[in-house]
Number of protein chains: 2
Amino acid sequence: MKRRADQPEQPNRQDIEEVAGNGLLHRRALLGKGMAAGTLLGSTLGPLATGAAAEPLTEPQWGLEIGEDTPPYQSPSKFSQKVARTLSNPKFEPRSSIARTPHHLLEGSLTPNGLHFTINHTGIPQIDPGRHKLLIHGLVKRPLVFTLDALLRYPLHSRPAFVECGGNSAPLFSPKPIQSDLQALHGLSSCAEWTGVKLSILLDECGVDSSAKWFVAEGGDAPHLMRSVPISKGMDDAMIALYQNGEPLMPGNGFPMRLLLPGWEGNLNIKFLRRIKLVTDPAMTFWESQVYTEPMPKGKSYNFTFINEVKSFITRPSPGVDLKQPGLYELSGIAYSGKGKITKVMVSADGGKSWAEAALQGPIQSKAFTRFRLPWRWNGGPAILQSRAWDDQGAFQPTRAAFVAERGQLDREPPVTAFRNHHCNVITSWAVSSSGKVSHTYA
Amino acid sequence: MKRRADQPEQPNRQDIEEVAGNGLLHRRALLGKGMAAGTLLGSTLGPLATGAAAEPLTEPQWGLEIGEDTPPYQSPSKFSQKVARTLSNPKFEPRSSIARTPHHLLEGSLTPNGLHFTINHTGIPQIDPGRHKLLIHGLVKRPLVFTLDALLRYPLHSRPAFVECGGNSAPLFSPKPIQSDLQALHGLSSCAEWTGVKLSILLDECGVDSSAKWFVAEGGDAPHLMRSVPISKGMDDAMIALYQNGEPLMPGNGFPMRLLLPGWEGNLNIKFLRRIKLVTDPAMTFWESQVYTEPMPKGKSYNFTFINEVKSFITRPSPGVDLKQPGLYELSGIAYSGKGKITKVMVSADGGKSWAEAALQGPIQSKAFTRFRLPWRWNGGPAILQSRAWDDQGAFQPTRAAFVAERGQLDREPPVTAFRNHHCNVITSWAVSSSGKVSHTYA
């Protein structure tokens, strides 16, 4: 695929040379300034746009008629109905309700509020923000009660942060690749701009006793979900979040207030937060002793795996977002790390034999989604697409083989109800067939 | 308000000294590290939080019952119903429909999609994205037609950008301050993360003829709204936007694709974009020759006022978001400039006699909302709150008096149907009465 000297008609051909196997192009190829007028992507790389005829343009019906009225709160087009969360419990039976984000149909670095993932164990409470209260007590000099009105008088702070369930990506513990889509595999992770009061300010208000090493956060809905958090996180970047992408929190995401622990396991980010109690030791609640422990191959368990380690996945193409014809595509995906900023994402089109560095969409922010993109020329043959991310703490995604060697895997394909595991951040692989169909694979 | 030597019990009193008249505090006061434990904002500055009693906590009903089910696309709480757009045409009569963003109830740097302002002249078209096409033609080597599927194969780009109607803030042309709220005065400006294809890439695909100096963009809904844009903007940061805050565009904001001209008058950002025609001269369409011209005091008009100049306003407190009692508050607001990045926002509590520099929430991004905040101790007396922003091109907001001297004002209070004017970016003033009520004033 090297440029040949006998191709003078395409002076920018070097922009579209492969930098890694099976069609991966340089991350800056095709990006404006480097392209001279006349580098027709379509004619060079495959038919993207089609030639146009003369005026007049045809008039679809929507150009000839009055449209619909304007609502106070607008919603997506009826043609975007597939851009929706999948529900684990659509009949609302007496068990948890899980809604997953459709990453394969989204772009950019944020999850819109309508599509942020949620997990609620007894439905979504309808909390009156005028009556809700937050108590901070325990090992403090002055136990205090904060109303929403009071919190709004404190210094506020905004930041993007992903929230990810510890169980996100758990299907990749299966010994065989589960044939499902990105939404099913990695849909329990979302990213929003959160605004609220830094917990450290409120803890200062209460006066933390030097004997306090942990705090227990409790939710106000029926499960009264409780988790123990080291006080050091509370004094670092913990926030009482009040707004999500600019508006008050969504009911499923904790309205009117939630604990936000950027980069830490979703279940710790207590929603409908009503209490923070400072204590000397972790409470070993149900959720931390029974659920969010990670069983190891030889019968032991990790405990308190707080951080969601660095992860990435390609969102487009992905299962269900197939390729229609050979030619140029952009590979697009999401990377994030609970430890800090993404520094590098490498992409492979040949199952890991060779890698090219993806472009990262800035500004890159700590513990937030970073969109990565890379142009790819699909030659119509089989391909295995992978992404692998690095963070600024030196962490990087393990291959599935390396991860399984340490953490084990399921002994049979799910559904497996008796076995839970969490914090899987292995490389995800998409197989592209010669028909353009994309499926989940291990490579 | 200077610290006195006889106040040894408050070692951090200097953190809350005034830096400008009528109670403005330093922008870094109260922000965590500077505060020692024991600086109780409530006791020092007024009652924010209240002391707490012993356990057990009381149980509101929502902590004792099953909540509601989980929808595929989630919506705000029923308790957030006031967090809605106001509608100019709620009965959907045969005229334009305008929906304004409730900035006084929002926070952070983004407008959530449900609340982005919209103006539509014949309702909101229901466009099938599978049938919609974008034609680029005129003075190009190769006229081309792009489908949504084709555009998704090009390199995408994400960026935050505000969109603001040229008529936003027009009520401040009134000779007397209109007694309305922030939503009515400045609600025709919103900010989102947009993702799409840079127009320069598509123009390169088509091959721009050297005689092309402008392009005319046309919308696909019934008004077929057309505006002329210099080709230089098209080759700079113009984008064919496909996603808004991560999901496909809202119907009212141009689904399935719109022109985005960051920092330029909203009406130019053609929604439902179906055509870009490259031409030698501006087309002098209805919208640019009849509507979006700015009449001057002596009968002449500006023409082609593209850029939305630097602006800011305080969102909290503001009319309807009143103060309940003296003490500590955070002043919060939004600043932006169509020329670039916000570099400074100054805040006054005494009607412009003295000013303090607000904290800017980073990362500060070009042509996007920048949230500013400043702590303020309200002493219970009258105050006039103002904000004034500067951008990195050296532009700054004019006082209303200076602006009126150049641009004029209405000769009587609206409603005035025969007079249009645009691009007002004067300093906004909120009067706070001793009862805590906030109202619009000129100062």
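The residue count restarts for each chain, going from 1 along the sequence in the order it is written. Chains carry letters and ligands carry numbers; both start at the beginning, A for chains and 1 for ligands, and go up in the order they are written. Local features in this predicted model are restricted to residues of pLDDT 70 or higher, and side-chain atom pairs are both shown and tallied only at a pLDDT of 80 or more, whereas totals for entire chains, interfaces and linings draw on every residue.

Peer 1: Hey, could you run me through the overall build of chain A in this one?
Peer 2: Across its full length, chain A carries seven helices and 27 strands. Over its C-alpha trace chain A gives a radius of gyration of 24 Å, about what one expects of a compact globule, namely 22 Å for 443 residues. When the backbone C-alpha atoms are referred to their principal axes, chain A occupies close to 80 × 65 × 40 Å. Three exposure classes are used, all based on how many other C-beta atoms lie within 10 Å of a residue's own C-beta (placed from the backbone): buried at 20 or more, exposed at 12 or fewer, and partly exposed between those limits. Taking all 443 residues of chain A together, 53% fall into the buried category. Within chain A, contacts between residues at least 6 apart in sequence are counted, and of these 71% link residues at least 24 apart. Labels follow the DSSP assignment, with helices taken as runs of H or I lasting at least four residues and strands as runs of E lasting at least two, numbered in each case from the N terminus. Two things to know: the radius of gyration comes from C-alpha atoms, and the globule rule equals 2.2 Å times the number of residues to the power 0.38. Remark: residues whose backbone-derived C-beta atoms lie within 7 Å of one another are considered to be in contact.

Peer 1: I keep staring at the relation of the copies chain B and chain A and nothing clicks. Help me out?
Peer 2: In this arrangement, two copies of a chain are superimposed by a rotation about an axis accompanied by a shift along the axis. Turning chain B through 180 degrees and shifting it by 0.0 Å along the axis lays it on chain A, with an RMSD of 0.0 Å. Such a turn and shift between the copies fits a two-fold axis. The overlap is high: 99% of the interface residues of chain B also sit at the interface in chain A, so the same surface is used on both sides. Residues reaching a pLDDT of at least 70 in both copies supply the C-alpha atoms on which the copies are superposed by least squares.

Peer 1: So what exactly am I meant to see when it comes to the sheet that holds strand β22 (residues 356-357) of chain A here?
Peer 2: In any sheet, the strands associate via hydrogen bonds between backbone groups, in a parallel or an antiparallel arrangement. Residue and element names in this part refer to chain A. Only strands that DSSP links by at least two bridges are regarded as paired with each other. Strand order in the open sheet made by the five strands is β22-β21-β25-β26-β27, with antiparallel pairing throughout. For this open sheet the edge positions go to β22 and β27 (438-441), each flanked by a neighbour on one side alone. As defined by bridge partners, strand β26 (residues 429-432) adjoins β27 across four bridges and the pair is classed as antiparallel. Within β27, the position partnered with W430 by the bridge is H440.

Peer 1: Explain the pairing of strand β24 (residues 370-378) of chain B to me, please; I cannot follow it from the model alone.
Peer 2: The side chains of a regular strand alternate, first on one face of the sheet and then on the other. All names here are of chain B. The buried fraction of β24 amounts to nine of the nine residues, a majority that puts the element mostly inside the structure. Burial along β24 is two-sided: T370, F372, L374, W376 and W378 facing one way and R371, R373, P375 and R377 facing the other are all buried. Note that strand β20 (residues 327-336) and β24 share nine bridges and pair antiparallel. Bridged to L328 within β24 is R377. Bridge count between strand β23 (residues 359-360) and β24: two bridges; the pairing is antiparallel. Residue pairing across strands places A359 opposite R373, the latter belonging to β24.

Peer 1: What's the story with the nonpolar core in this structure? I'm lost.
Peer 2: Soluble globular proteins: nonpolar side chains tend toward being buried together. Core analysis: the biggest nonpolar cluster contains 195 residues, and L202(A), I240(A), L202(B) and I240(B) have the highest contact counts within it. With residues up to four places along the chain from it excluded, the contact list for I240(A) reads L134(A), L151(A), G196(A), V197(A), L199(A), L202(A), M257(A), L259(A) and L273(A). The term nonpolar core refers to a group of buried residues, namely Ala, Val, Leu, Ile, Met, Phe, Trp, Tyr and Cys, whose C-beta atoms join them within 7 Å.

Peer 1: Even after reading the chapter, I still don't get the sheet that holds strand β3 (residues 50-51) of chain A, so can you show me in this structure?
Peer 2: Taken in spatial order, the six strands make up an open sheet running β3(A)-β8(B)-β7(B)-β16(B)-β11(B)-β12(B), and their pairing is mixed. At either margin of the open sheet sits one strand with a lone partner, and together these are β3 of chain A together with β12 (226-230) of chain B. In terms of strand pairing, β3(A) meets strand β8 (residues 144-147) of chain B through two bridges, oriented antiparallel. Paired with G51(A) across the strands is L144(B), a residue of β8(B).

Peer 1: In this structure, what is going on with helix α4 (residues 199-206) of chain A? I would like to understand it.
Peer 2: An α-helix turns once every 3.6 residues. As a result, residues three or four positions apart point the same way. Most of α4(A) sits out of view: eight of its eight residues are buried. All buried positions along α4(A) are accounted for by L199(A), S200(A), I201(A), L202(A), L203(A), D204(A), E205(A) and C206(A).

Peer 1: What's the story with the pairing of strand β10 (residues 189-198) of chain B in this structure? I'm lost.
Peer 2: All names here are of chain B. Burial within β10 is extensive, with ten of its ten residues counted as buried. By the bridge criterion, five bridges tie β10 to strand β13 (residues 239-244) in an arrangement that is antiparallel. Its bridge partner lying in β13, T195 is registered against Y243.

Peer 1: Would you mind showing me how to read the domain arrangement of chain A here?
Peer 2: Residue and element names in this part refer to chain A. Under the domain assignment, chain A is made up of domain 1 (133-302) and domain 2 (311-441). How far each domain reaches was decided by an automatic or database domain assignment. Its C-alpha centre places domain 1 at a distance of 27 Å from the equivalent point of domain 2. Tallying the contact residues gives 31 residues for domain 1 and 31 residues for domain 2. Secondary structure elements with two or more residues in the side of domain 1 that touches domain 2: β9 (156-164), α3 (182-186) and β17 (294-295). In terms of residue class, the side of domain 1 that touches domain 2 is built from 20 nonpolar, eight polar and three charged. Residues were grouped as follows: Ala, Val, Leu, Ile, Met, Phe, Trp, Tyr, Cys and Pro as nonpolar; Asp, Glu, Lys and Arg as charged; and all remaining residues, including Gly, as polar.

Peer 1: In this structure, what is going on with unusual backbone geometry? I would like to understand it.
Peer 2: In terms of backbone geometry, most residues other than glycine have negative phi values and most peptide bonds are trans. Residue and element names in this part refer to chain A. Cis rather than trans, the peptide bond between F255 and P256 has omega equal to 5 degrees. Relative to the helices and strands, P256 is located in the loop between β14 (247-248) and β15 (258-260). Cis rather than trans, the peptide bond between R316 and P317 has omega equal to 0 degrees. By the element assignment, P317 lies in the loop between β19 (311-316) and β20 (327-336).

Peer 1: For this particular structure, what's the right way to read the confidence of the model for chain A?
Peer 2: Low pLDDT means the predicted coordinates in that region are not meant to be read closely. Residue and element names in this part refer to chain A. When pLDDT is averaged across chain A, the result is 90; 90% of the residues are at 70 or more. Scored below 50 in pLDDT, residues 1-14 makes 13 contacts in the model with residues more than four places away or belonging to other chains. Per-residue pLDDT stays below 50 along residues 32-38; that stretch engages in 16 contacts with residues further than four places along the chain or on separate chains. With a pTM of 0.94, the predicted complex shows an ipTM of 0.94. Confidence per residue, as judged by the predictor, is encoded in pLDDT with a range of 0 to 100.

Peer 1: It is not clear to me how the environment of P94(B) should be interpreted in this structure. Could you clarify?
Peer 2: All names here are of chain B. Within the secondary structure, P94 sits in the loop between β4 (86-87) and β5 (97-100). Owing to 8 C-beta atoms within 10 Å, P94 belongs among the exposed residues under this scheme. Taking the C-alpha atoms as reference, P94 lies 24 Å from L185; in sequence the two are 91 residues apart.

Peer 1: Explain the environment of W430(B) to me, please; I cannot follow it from the model alone.
Peer 2: Residues and elements named next belong to chain B. Inspection of the secondary structure puts W430 in strand β26 (residues 429-432). Among the residues examined, W430 registers 23 C-beta atoms within 10 Å and is labelled buried. Measuring from C-alpha to C-alpha, the distance between W430 and F396 comes to 19 Å, with 34 residues separating the pair along the chain. Excluding residues that lie within four positions of it along the chain, W430 makes contacts with I314, P317, S318, P319, L385, V438 and H440.

Peer 1: Mind showing me how you'd approach the environment of T285(B) here?
Peer 2: Residue and element names in this part refer to chain B. By secondary structure assignment, the location of T285 is in the loop between β16 (273-279) and α6 (286-291). Exposure remark for T285: the 17 C-beta atoms within 10 Å place this residue in the partly exposed category. Distance from T285 to M226, taken between C-alpha atoms, is 6.5 Å for residues 59 residues apart in sequence. Among residues more than four places away in sequence, those in contact with T285 are M226, R227 and S228.

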